[in-house]
Amino acid sequence: MGVPKISVHTNSQEVASSSHDGLILLFTDVKKLSPEVLTFEFAASVASYAQADKSVTSQISFLVDSKAPGGRVILAPTGSLFGDTDDARKIGEIASKAVQRARQAGLTNPLLHFVDPPRDHPDYKRYLEVALLGALEACYEYLEFREHKEKIGQSSPEDVQEFGVLVNDADSENVESIVKKVLAIEEGRRLCRDTGGPDPERMSPMNFAKYVVESLSGAKNTTVTVIDDVDTLHKEYPLLHAVARCSLDVERHRPCVVRIEYKSPEPSKVKENLYFVGKGVTYDTGGADLKVNGAMRGMSRDKLGAAAVAGFMKTVAEQQPTNVNIIADLGLVRNSIGPDAYLSDEVLYSRAGVRILVGNTDAEGRMVMTDLLCHMRERVLEARENGDNTPARLFTVATLTGHAIRACGPYTCSLDNGPARKDKISQRLFNAGAEWADPCEISTLRREDMAAVAPGSTREDVVQANDKPSTMTNRGHQFPAAFMVVASGLDKHGLDAEPNKQIAYTHLDIAGSAEGDSHGLSLPEVTGRPIPSFVGAFLE
C-alpha cells in the first residue's frame, strides 16, 4: 500500500465536514485546550474533559463528541518541552503513540493538529516535520507481515492510507513543501525498515540488492548497479571477499555490492560531492570467532548500515536535490562459519595494498567497508585530477560495535578525521539531529586509536582488531575508524597532507540508533535513523 498520503487543512471550520474519522490534538499546555484557543464547535467539550481528568497531561486520552470528525477526539500531551534535557523527540514520540491509539480505535483517516506548537523556540523549528514523521512511523507495518497477509489472501495490514494535518496560519505558507519533504524521508525510512528488518533468508545479499533495485527503478537522475561476480569482488574488494569467503558455497548467501549514483539535475548548483559506504552484513555468526551464549541473536540486523544508506538514497531520489552529487556503495555479505572461513592471524592485502593482520573474525564490518572506502578515496582523487574540486565528504555507516551503545546509548556516534573535523561535518550532523529528533553524539579520533591498530611486527601494516568484544575494549567504537583510515589509505589524506590531497572522512556507528524498543522476546523495531539527520545536514 505504501506511504500514506497527507492532506493539508488550514481552516478549522472545514474539519467537521471533512472525511477524517477522528481528530488528534497534540498539546503542551493543557490550558490551551480551551474555547479561546480551539475554534472547533466541540471545543467546550474538550475543555470540560481536560478540567475533569488530571491525567490528561500525562497520558493519551480518548473522548467521544458527535460534533468532532468521526465523533472521536484523541488528546496527546507532549509533556514539558523546555527543560534541560527535553528535545524534539518528545513531539515525534507522542505523535506516534497518538496514531497508534487511533489505529487501535479503528481510525483509518485521522486528522492531526498541534494546538500550541513551539514554533518560536530554536530547538523546535522542525516541530511539524517531526510530528508528521512520528505519525507516519505509527502507520508502518513490517514487510514480512505485509507479505504474510498477501500470501493468505487478506488485505494489507496498513489500514491508514491517508491522514490529515491542520495547521495554524503561521505555518500555512510552507506546509505543502514540508509535507513533500516528510513523505520523501518516510519513503527512505520505509526502504530502510523493509531491507534492514527481515530475517537473513528474506534479505540475503542478493534479495537485499533486488529489493533496492526495484525500489529505485525509474528514479530520475539515479542509477543502480549490482556487482555480484565473485572474481570481480575478489579482485576489487579483497577484504569484503575474505569475509564472504565461507558463504560462497551456498549460492543464495553469496556477496554483492550495490552501487547507487545520484547526479544533480543542475550541475552548476552542486556544492558537495558525497560518498557513502554502508555495512550490509545480512547475518553475522562471528565467523571462526563464533558468537556464543546467545550473542548471535539479532545479527540479522547487522545490515542496518547498508539499509540506512539505501533509504537515504531513496529519499534523495524522491527529493531530487540540486546541491549534491552522491555515490553510495552497499557491501552485502554473510559472515558464515565453515571450512573456508577467514581466520584470525591471516594477513590479507587491502585494495590500497595495505597488509591487514586479522585479529578477530567478528570484526568483519570494518573489513567489508574498507575496500569500498578506498574506492571512494580513489574517486575523489580522480575527480580532482579531472578538475572537479567540489568539496568531497566520505562516510562509512554501520552497526559496528556494541561499545557505541555502551558509550552513547540510543544515539548515533560520529567520528571525523582531521579534514572532516576542520569542516565540522559531525557538528552538522549533531545540529541536524537536534532539529529532526534524530540525535547524534560526537566522538573524537585520538592518537590512542591509531596506536591501537599500529603494527607490532614487520608482517603487517595495520592490525584489524584485538581478541575481545568491543564492549570490553577501551575506545571500542573509536579505534575501528582508525583501522579503516589506515587500511583504506586515507591516512595519507589527513591534515598533514597537501591541501589538494586532504579528504574529509566521517565514520558513523549507528549500533545504538538504528534500532528502537523491543517487545517481549521479539527483535527491536528498526528506526530508519540517521536518515532525517542526513537530510537536515546535507540536503538543505
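Per chain, the residues get numbers from 1 upward, laid out in the order the sequence is written. Thresholds applied to this predicted model are a pLDDT of at least 70 for local features of residues and 80 or more for the giving and counting of side-chain atom pairs; totals over whole chains, interfaces and linings are not thresholded and use all residues. For the side-chain quantities, the full set of heavy atoms in the structure was used; hydrogens and water were omitted.

**Quick word on the overall build of the chain**
For clarity, the cut-off: Counting from the N terminus, the helices are DSSP H or I runs at least four residues long and the strands are E runs at least two residues long. All radius of gyration figures rest on C-alpha atoms, and the globule criterion is 2.2 Å times the number of residues raised to 0.38. A contact between two residues is defined here by any heavy atoms of the two lying within 4.5 Å. Residue exposure ignores everything except the shown protein chains as possible cover, and the areas themselves are Shrake-Rupley values with a 1.4 Å probe. For the purpose of counting charges, residues Lys and Arg are taken to be positive, whereas Asp and Glu are taken to be negative. His and the chain ends are not included. By convention, the charge on Lys lies at NZ, on Arg at CZ, on Asp at CG and on Glu at CD.
Helices and strands together make up the secondary structure of the chain, namely 16 helices and 17 strands. The globule rule puts the C-alpha radius of gyration for 540 residues at 24 Å, and the 24 Å found for the chain is close to it. Over its C-alpha atoms, taken along the principal directions, the chain stretches across nearly 80 × 50 × 45 Å. Long-range contacts, defined here as pairs at least 24 residues apart, represent 79% of the contacts in the chain between residues at least 6 apart. For the chain, the exposed area adds up to about 22,200 Å²; of that, 47% sits on carbon and sulfur atoms. For the chain, the separation between the mean place of its 60 positive charges and that of its 75 negative charges on side chains is 1 Å.

**Description of a nonpolar patch on the surface**
Defined as follows: A patch consists of residues exposed above 30% relative accessible area that lack any salt bridge, with like charges linked at up to 9 Å and nonpolar side chains (Val, Leu, Ile, Met, Phe, Trp, Tyr) linked at up to 5 Å. We count a salt bridge whenever a side-chain nitrogen from Lys or Arg sits within 4 Å of a carboxyl oxygen from Asp or Glu. For every residue, the accessible area obtained with a 1.4 Å probe (protein chains only) is divided by the maximum for its type, and the residue is called buried under 20%, exposed over 50%, and partly exposed between those limits.
Residues Leu290, Val292 and Ile337 make up a contiguous nonpolar surface patch of roughly 240 Å² in combined accessible area. Inspection of the secondary structure assignment puts Ile337 in the loop between strand S10 (324-335) and strand S11 (347-349). Classification of Ile337 as partly exposed rests on a relative accessible area of 45%.

**Some details on the packing of helix H3 (residues 127-139) against helix H5 (residues 175-196)**
The following threshold applies: Each axis is a line fitted through C-alpha atoms, and for a helix only the stretch in contact is used; angles between axes span 0 to 180 degrees, taken between their N-to-C directions. These descriptions rest on fixed angle ranges, namely under 35 degrees for roughly parallel, over 145 for roughly antiparallel, 65 to 115 for roughly perpendicular, and the rest for oblique. Note: crossing handedness is left-handed where the near helix turns anticlockwise from the far helix by less than a right angle, and right-handed where it turns clockwise. When residues are sorted by character, Ala, Val, Leu, Ile, Met, Phe, Trp, Tyr, Cys and Pro go into the nonpolar class, Asp, Glu, Lys and Arg into the charged class, and all the rest, Gly among them, into the polar class.
For the pair H3 and H5, the least separation of the axes is 10 Å and the interaxial angle reads 40°. As judged from the angle between their axes, H3 and H5 are oblique. The chirality of how H3 crosses H5 is right-handed. Listed contacts from H5 to Leu128, Glu129, Leu132, Leu133, Leu136 and Glu137 of H3 are Val175, Ile178, Val179, Val182, Leu183, Ile185, Glu186, Arg189 and Arg193. Here the contact of H3 with H5 is composed, by residue class, of ten nonpolar, no polar and five charged.

**Topic: the packing of aromatic side chains**
Rules: Pairing of aromatic rings covers Phe, Tyr and Trp, the last through its six-membered ring, and needs centres within 6.5 Å; plane angles under 30 degrees mean stacked, over 60 mean edge-to-face, and all others mean tilted. We count a charge as sitting over a ring when the NZ of a lysine or the CZ of an arginine lies within 6 Å of the ring centre and within 35 degrees of the ring normal.
If you walk through the whole model with that rule in mind, you get ten aromatic pairs. The interplanar angle of 90° and the centroid separation of 6.1 Å between the aromatic rings of Phe82 and Tyr124 together place this pair among those described as edge-to-face. Within this pair, whereas Phe82 is found in the loop between strand S4 (72-77) and helix H2 (89-104), its partner Tyr124 is found in the loop between strand S5 (111-114) and H3, the two being separated by 42 residues in sequence. Given a relative accessible area of 1%, Tyr124 falls into the buried group. The interplanar angle of 55° and the centroid separation of 5.1 Å between the aromatic rings of Phe276 and Phe534 together place this pair among those described as tilted. Within this pair, whereas Phe276 is found in strand S9 (residues 272-284), its partner Phe534 is found in helix H16 (residues 531-538), the two being separated by 258 residues in sequence. For Phe276, a relative accessible area of 0% puts it in the buried group. These aromatic residues form a ring-pair network of at least three members: Phe276, Phe312, Phe395, Phe534 and Phe538. Looking at Arg193, its charged tip hangs above the ring of Tyr140, at a distance of 5.1 Å from the centre.

**Some details on the sheet that holds S9**
Each strand in a sheet pairs with another by means of backbone hydrogen bonds, the pair being arranged parallel or else antiparallel. Note the threshold: By definition, two strands form a pair when at least two bridges between them are found by DSSP.
Reading across the sheet, the eight strands line up as S7-S8-S10-S9-S13-S17-S14-S15 and stay open at both edges, with mixed pairing between neighbours. One side of each edge strand has no neighbouring strand; the edge strands of this open sheet are strand S7 (222-227) and strand S15 (440-444). Averaged over all pairs of adjacent strands, the angle between strand axes in this sheet comes to 20°, irrespective of strand direction. Pairing of S9 with S10, which is carried by twelve bridges, proceeds in the parallel orientation. The partner of Val281 across the bridge, within S10, is Val333.

**Considering the UniProt feature "domain: Cytosol aminopeptidase" (unreviewed entry) in the chain**
Test applied: UniProt positions are given in the numbering used here, feature names are shortened, and annotations may be inferred rather than shown by experiment.
Sites flagged by UniProt as "domain: Cytosol aminopeptidase" (unreviewed entry) map to residues 360-367. Along residues 360-367, the helical share is 50% and the strand share 0%, with 11 Å between the first and last C-alpha atoms.

**A word on empty space enclosed by the protein**
Put simply, the test is: A pocket, in this scheme, is an open set of points on a 1 Å grid over the protein atoms alone with protein on both sides within 12 Å along at least 5 of 7 lines, while a cavity is a set where a 1.4 Å probe fits but cannot get out; residues line either one if an atom lies within 4 Å of a point. Grid points are joined across faces, edges and corners, and a volume is the space filled by probe spheres set on the points.
Under the criterion given, the structure shown has four cavities of 30 Å³ or more. Put simply, the largest cavity is a space of about 80 Å³. Forming the boundary of the largest cavity are 13 residues, of which His113, Phe114, Leu128, Val165 and Leu166 lie nearest the centre. If you list the elements that add at least two residues to the lining of the largest cavity, you get S5, H3 and strand S6 (162-166). Across the lining of the largest cavity, the residue classes tally to ten nonpolar, two polar and one charged.

**Let's talk about the pairing of S4**
Judged by how many residues are buried, S4 sits mostly within the fold: five of six residues are covered. Sheet topology note: the strand S2 (residues 23-27)/S4 ladder contains five bridges and is parallel. Its bridge partner being in S4, Leu26 is matched across the sheet by Ala76. Relative to S4, strand S3 (residues 61-64) is paired through four bridges, and the arrangement is antiparallel. When the sheet's bridge partners are listed, Phe62 is paired in S4 with Ile74.

**So, H5**
The condition that has to hold: How far a helix is expected to stretch is found by multiplying one less than its residue total by 1.5 Å.
Taking 1.5 Å per residue, 22 residues should reach 32 Å; H5 reaches 31 Å between its end C-alpha atoms and fits that length. Within H5, 17 of the 22 residues are buried, which leaves the element mostly enclosed by the surrounding structure.

**Considering the domain arrangement of the chain**
When the parts come together, some accessible area is lost, and that loss is often what is quoted as the size of the interface. Rules: Start and end positions for the domains come from either an automated domain assignment or a database one. Note on terms: buried area is the combined drop in 1.4 Å-probe accessible area of two parts once they are placed together, counting the loss on both.
Domain annotation for the chain reports domain 1 (5-172) and domain 2 (187-539). Here the C-alpha centroids of domain 1 and domain 2 sit 36 Å apart. Taken together, the contact between domain 1 and domain 2 spans 17 residues of the former and 18 residues of the latter. Surface buried jointly by domain 1 and domain 2 totals about 1,600 Å² across both partners, of which 51% is contributed by carbon and sulfur atoms. Among the residues domain 1 hides against domain 2, the three largest losses belong to Arg89, Tyr140 and Leu143. Together they make up 33% of the total. Viewed at the interface, domain 2 and domain 1 are joined by five salt bridges.

**A closer look at the environment of Thr322**
With respect to the helices and strands, the residue Thr322 is situated in the loop between helix H9 (304-319) and S10. C-alpha of Thr322 to C-alpha of Tyr127: the two residues are 195 residues apart in sequence and 25 Å apart in space. In contact with Thr322, not counting residues within four places along its chain, are Ser264, Pro265, Glu266, Lys269 and Val270.

**Observations regarding unusual backbone geometry**
Here the amide bond leading from Arg529 into Pro530 is cis, since omega sits at 5°, within 30 degrees of zero. Its location among the elements puts Pro530 in the loop between strand S17 (504-509) and H16. Phi angles above zero are rare outside glycine, and Gln320 is one such case at about 55°. Of note, Gln320 is situated in the loop between H9 and S10.

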